[in-house]
Amino acid sequence: MIKAKGRWPKVGLDSGVEDATLLILEWLGEQGVGAMIRVDAERMQEGRPAWTFAAGGGPLPGGGMRADGASVAECMGRALIRLREAGLTVPF
């Protein structure tokens, strides 16, 4: 793995994962993983989970991974679980 470049702030215990989402995406890129998070306005209007995290490449299995949620926090929480299951321990 590539060493982080000292950009990680101290995250308080009362902060949610959404506060670190961009740093997580940057860290994944440093590991060779392409990743994105997006919101789908149509799904939001329909009352369906509108946030999607998708990642692939690097040390992830060939098909990559996806996680959906009704909020950024829910989506990223699910994504972190899936990343850990795939063997990537995100430093958050």
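What counts and what doesn't
- Residues numbered from 1 in each chain as written.
- Predicted model: local features only at pLDDT ≥ 70, side-chain atom pairs only at ≥ 80, totals over all residues.
- Heavy atoms only, no water.
- Pairing = 2+ DSSP bridges.
- Helix = DSSP H or I, 4+ residues; strand = E, 2+ residues; numbered from the N terminus.
- Axes fitted to C-alpha atoms, helices over the stretch in contact; angles between N-to-C directions.
- Contact = heavy atoms within 4.5 Å.

### With respect to the sheet that holds strand S3 (residues 65-69)
Now for step 1: The strand order across the open sheet built from 3 strands is S1-S2-S3, with neighbouring strands paired in antiparallel fashion. Each edge of the open sheet is held by one strand with a lone partner, namely strand S1 (34-39) and S3. With direction set aside, neighbouring strand axes in the sheet form an average angle of 10 degrees.
Now for step 2: With 5 bridges joining them, strand S2 (residues 51-56) and S3 adopt antiparallel strand pairing. Looking at the pairing, Ala-55 lines up with Met-65 of S3.
Now for step 3: Sheet strands in contact with helix H1 (residues 21-30) are S1 and S2, and its direction is about 150 degrees off that of S1.
Now for step 4: Running at roughly 150 degrees to S3, helix H3 (residues 72-85) makes contact with S1, S2 and S3 of the sheet.

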